[in-house]
Amino acid sequence: MTKGWEDKLKATLKTYSSMAFDPQVARESYTLAMEVREALGDSQDTFRELDRKYNYNLFDWIISLPSNIAGEGLIDEGVELCERYAEIVEPQNFLADRALILAGAGRIKEAVSQVQFNLTVFPDDPWVMIKAADVYQSAGELDRAEELYRRALEAAGDDRFTREGALERLVPMLEEQNRHPEASILQQEEKTKHASEGSQAAPAPAGKTIRREQPKVKRNDPCPCGSGKKYKKCCGSAEATHAPGTESDIRQRLLSALMKFVHRDEFSEEVQRALVLYWGERFADTKLPDAFDQMEPDFAQWAFYEWLIQDYPCADGRSFMERYFQRLGWQLNSRERVHLEKSMASHMGLYQIIELRPDEGFLLQDLLSDRRIEVLDKTATQYLIQWDIVAARLLEMNDRIQFSGGLFPFRPDEKDSLKRFCEDAYAAYQITNPDSDWTAFLKGHGEIYNHYLQAKPDALADALPGAPNDTLPQDSEDRDPRDAGEMDIPPEIRESLINEFLDKHYHAWCDLPVPALKDRTPRAAVQDPEGRRAVIDLIRSMENSETRRELSGGEPYDFTWLWQELGLDRSEKA
């Protein structure tokens, strides 16, 4: 074993996605892969640890390497890699690829022997069936190939990606045999199936709280991922439910693979168009990665990439994530495919935190469709607070709805302006798409939130002042004493004076004209529905600001009396 194999591996994993294969590169890659294999021993855990160390690039490299080097004439070497790595990780994938390499080299007898073994050992895996069918098709055994493609369709259940993998092979094969009616029926049945799935997944009616509709999966139930195995033997197994198989690990690995995918040379023009769509002419003459370093604020870089990968509609109407799924989805295990399918169907919605449950989750108000949504996300409770407004992506994973990816944090007092911005854009969209809904619009126009921030950069939550400007009388000389620096008095006396000042200010505020209320007083504004909603938003914004002050080590002001004074309820919809 070469002492420097890990240095060579590190260098290879940085460049392999754009690596141009030739016989020399293929030989060097094979040698390195065998050195790595010897170093790993017989432990799957050791492989997983090394994979995680390199941000899950190791598996991406090694799963495609046998086919890549076989394409350069290293058939035996590709076959050997499949055999050796099948000993420690995902044997169904490596052994299925071994059969395909042998078939591609004209070694049909060996290939058929391998698929017979695969079908015996992995009888329920639809991709083992699909790749076995590929081998039989290349061997001219079309009846056997058709049988396996159809079995894969049945085994796939509702796994759309796997069904498409079987159909995109079966339909052309039928058409080549002039069996066009059968091919048409299969395609129509698949369209009907997807339409049925879409209708079942229709958005909840306005004003309804969304909760998980499906019953909890029991250990002996069929796994919902569509593998055909029992839940306890698949996604519910100890191996599947612990690191590196947590949802966070899966998402990190998928994003790493997708980032490399979108940076392929073939997509450079597509990515440049996306850059201009998202940022406007600012980056018309700048290419990635140079533009990446110029994106502000800090979270904007990753917000752009998540939109680019998941939402940007390429020239063929598909997202980069959908393209990746179709080309390379065969590399994924069942949980990764489920995660990617749910991500492809997701969109960036606009939500307000109505209720915060520390270390548990939130009750959200969807500001565009008026739904209420239960979200279980312990991590997010550490940085989001009540009345925060966020543009975010939600996924239902493992029986719970949670945030996925980055968030756009908006100031609470931007709510009405931001809603109008989105509603105006949606109205323009509906002129040419009259049957569309919010989900379709936001899926195709997730860049809208960044466009709003480009127009109003001070709309970010971290720009929120101690109190919204419009809540203070314009000509008042009063100032919040907390903004005047530290006072040279004991802390308990200082807090008492501050509370006395704020009590005086907010009692007067109830009967003073406020610009945000069209120069009406809060007490007068609450008498009609529109004014009432505006006052509720203002108080929520003030409470949000006080909570942020508390998180920074300050003492928050309690607005409970103000809600009661104006006859308002914190739980009212605004």
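Quick notes on the rules
Residues numbered from 1 in each chain as written. Predicted model: local features only at pLDDT ≥ 70, side-chain atom pairs only at ≥ 80, totals over all residues. Heavy atoms only, no water. Helix = DSSP H or I, 4+ residues; strand = E, 2+ residues; numbered from the N terminus. Buried < 20%, exposed > 50% of the residue type's maximum accessible area, 1.4 Å probe, protein only. Contact = heavy atoms within 4.5 Å. Areas by Shrake-Rupley, 256 points an atom, 1.4 Å probe, with all protein chains shown as cover. Phe/Tyr/Trp six-rings, centres within 6.5 Å; stacked < 30°, edge-to-face > 60°. Axes fitted to C-alpha atoms, helices over the stretch in contact; angles between N-to-C directions. Parallel < 35°, antiparallel > 145°, perpendicular 65-115°, else oblique. Left-handed = near helix turned anticlockwise from the far one by under 90°. Nonpolar A, V, L, I, M, F, W, Y, C, P; charged D, E, K, R; others polar. pLDDT = per-residue confidence, 0-100. Core = buried A, V, L, I, M, F, W, Y, C linked by side-chain atoms within 4.5 Å. Polar contact = N/O pair within 3.5 Å; in protein donor to acceptor, adjacent residues only side chain to side chain. Expected span 1.5 Å × (residues − 1). Salt bridge = Lys/Arg side-chain N within 4 Å of Asp/Glu carboxyl O. Pairing = 2+ DSSP bridges. Arc of directions from axis to C-beta.

> Explain the overall build of the protein chain to me, please; I cannot follow it from the model alone.
The number of helices and strands found in the protein chain is 24 helices and six strands. Expressed as a percentage of the 574 residues in the protein chain, the buried residues total 48%. Contacts spanning at least 24 positions in sequence make up 60% of the contacts within the protein chain whose residues lie at least 6 apart. Just so you have it, the protein chain exposes about 28000 Å², and 49% of that area is on carbon and sulfur atoms.

> What is the right way to read the packing of aromatic side chains from this model?
Here the structure, examined in full by the defined rule, presents 26 aromatic pairs. An angle of 65 degrees between the planes, with centres 5.8 Å apart, marks the rings of Phe362 and Phe403 as edge-to-face. Taken together, the residues Phe362 in strand β3 (residues 361–366) and Phe403 in strand β6 (residues 400–410) connect sequence positions 41 residues apart. The exposure classification of Phe362 matches that of Phe403, with both residues buried. Here Tyr506 and Phe559 contribute two aromatic rings whose centre-to-centre distance is 5.0 Å and whose plane-to-plane angle is 75 degrees, an arrangement assigned as edge-to-face. Of this pair, Tyr506 sits in helix α21 (residues 491–509) while Phe559 sits in the loop between α23 (529–551) and α24 (560–565), and the two are 53 residues apart along the sequence. Within the aromatic cluster, the residues linked to one another by ring pairs are Phe261, Phe267, Tyr278, Trp279, Phe304, Tyr305, Trp307, Tyr312, Phe320 and Tyr324.

> Honestly, the packing of helix α9 (residues 142–156) against helix α10 (residues 160–176) in this entry has me stumped. Any pointers?
To characterise two packed helices, one gives the angle between the axes of the helices and the distance between these axes. Direction vectors running N to C along α9 and α10 enclose 150 degrees, while the axes themselves pass 9 Å from each other. Of the possible angle classes, the one that applies to α9 and α10 is roughly antiparallel. Pair α9 / α10 crosses with left-handed handedness. Taking contact as the criterion, the partners of Leu142, Ala145, Glu146, Tyr149, Arg150, Ala152, Leu153 and Ala156 in α9 are, on α10, Thr162, Arg163, Ala166, Leu167, Arg169, Leu170, Met173 and Leu174. Here the contact of α9 with α10 is built from residues that sort into eleven nonpolar, one polar and four charged.

> Where do I start with the confidence of the model for the protein chain in this structure?
Note that predicted coordinates carrying low pLDDT should not be read in detail. In the predicted model, the protein chain carries a mean pLDDT of 79, and 81% of its residues have values of at least 70. Considering each helix and strand of the protein chain separately, the mean pLDDT is smallest for helix α12 (residues 238–241), with a value of 39, and largest for helix α5 (residues 75–86), with 94. Contacts for the low-pLDDT stretch residues 463–479, under 50 throughout, to residues beyond four places or in other chains number 32 contacts.

> Help me out: how do you make sense of the nonpolar core in this one?
The tendency in soluble globular proteins is for nonpolar side chains to be buried side by side. If you look at the biggest cluster of nonpolar residues, it comprises 116 residues, and the most contacted ones within it are Leu9, Tyr85, Leu308, Phe410 and Tyr449. Counting 21 residues, the second-largest nonpolar core is a separate cluster that includes Cys510, Val526, Ile539 and Phe559.

> Can you help me understand the side chain of Asp388 in this one?
Locating Asp388 in the fold gives a position in the loop between β4 (372–376) and β5 (389–397). Among the polar contacts made by the side chain of Asp388, one reaches the main-chain amide nitrogen of Ile385 at a distance of 3.0 Å. Here Asp388 is in contact with Tyr351, Gln352, Ile353, Tyr383, Asn544 and Arg548, once residues within four sequence places are set aside.

> Explanation requested: α5 in the structure shown.
For α5, with twelve residues, the first-to-last C-alpha span of 17 Å sits near the 16 Å given by 1.5 Å per residue. What α5 keeps buried is the set Glu77, Gly78, Val79, Leu81, Cys82, Arg84, Tyr85 and Ala86. Here the buried face of α5 lies against α2 (23–40), α3 (44–53), α4 (57–70) and α6 (91–104).

> What should I look at first to understand the pattern of salt bridges in this one?
Side chains that carry opposite charge are capable of pairing whenever their charged atoms lie near each other. Scanning the entire structure with this criterion turns up 43 salt bridges. Asp76 is the salt-bridge partner of Arg107, the closest N and O atoms lying 2.8 Å from each other. Note that Arg107 is positioned in the loop between α6 and α7 (108–121) and Asp76 in helix α5, a separation of 31 residues in sequence. Residues Asp413 and Arg411 are paired through a salt bridge, measuring 2.6 Å at the closest nitrogen-oxygen approach. Residues joined by salt bridges that share partners form a network here, namely Arg37, Glu38, Asp42, Arg84 and Glu87.

> Can you walk me through the packing of helix α14 (residues 268–279) against helix α15 (residues 300–310) in this structure?
At their nearest, the axes of α14 and α15 sit 11 Å apart, and the two run at 120 degrees to each other. Compared by their axis directions, α14 and α15 come out oblique. Considering how the two elements wind past one another, α14 and α15 form a crossing that is right-handed. From α14, Val271, Ala274, Leu275, Leu277, Tyr278 and Trp279 reach across to α15, where they touch Ala300, Ala303, Phe304, Trp307 and Leu308.

> Even after reading the chapter, I still don't get the environment of Glu565, so can you show me in this structure?
Checked against the element boundaries, Glu565 lands in helix α24. Along the chain, Glu565 and Cys510 lie 55 residues apart, while their C-alpha atoms are 8.7 Å from each other. Non-local contacts of Glu565, meaning those with residues more than four positions away in its chain, are made with Cys510 and Arg523. Engagement of the side chain of Glu565 in a polar contact is seen with the side chain of Arg523, the distance being 3.1 Å.

> How do you make sense of the pairing of strand β2 (residues 348–357) when you look at a structure like this?
Looking down a regular strand, the side chains alternate between one sheet face and the other. The element β2 is extensively covered by neighbouring structure, given that seven of its ten residues are classed as buried. Here β2 pairs with β3 via six bridges, running antiparallel. Looking across to β3, one finds that Arg357 is bridged to Gly361. Hairpin connection from β2 to β3: three residues lie between these consecutive antiparallel strands, with Asp359 at a positive phi of about 60 degrees.

> For this particular structure, what's the right way to read unusual backbone geometry?
Excluding glycine, most residues fall at negative phi; most peptide bonds, likewise, are trans. We note that Asp359 has phi near 60 degrees; this positive angle belongs to a residue other than glycine. Relative to the assigned elements, Asp359 resides in the loop between β2 and β3. The backbone phi angle of Trp387 is positive, close to 80 degrees, even though this residue is not glycine. Position of Trp387 relative to the elements: it lies in the loop between β4 and β5.

> Explain the environment of Ser268 here, please?
Note on placement: Ser268 falls in helix α14. Here the alpha-carbon distance between Ser268 and Lys287, two residues 19 residues apart in the chain, equals 8.9 Å.

> Sorry, what's going on with the environment of Leu453 here?
Relative to the assigned elements, Leu453 resides in helix α20 (residues 448–455). Remark: the alpha-carbon pair of Leu453 and Leu418, spanning 35 residues in sequence, is separated by 9.6 Å.

> Looking at this structure, how should I read helix α1 (residues 5–15)?
At 3.6 residues per turn, the α-helix brings residues three or four places apart onto the same side. Here α1 has its buried residues at Trp5, Leu9, Thr12 and Leu13. For α1, the angular spread of buried residues about the axis comes to 95 degrees, placing them on one side. In α1, the exposed residues that point more than 90 degrees away from the buried face are Asp7 and Lys14. In the core, the buried residues of α1 are packed alongside α2, α3 and α4.

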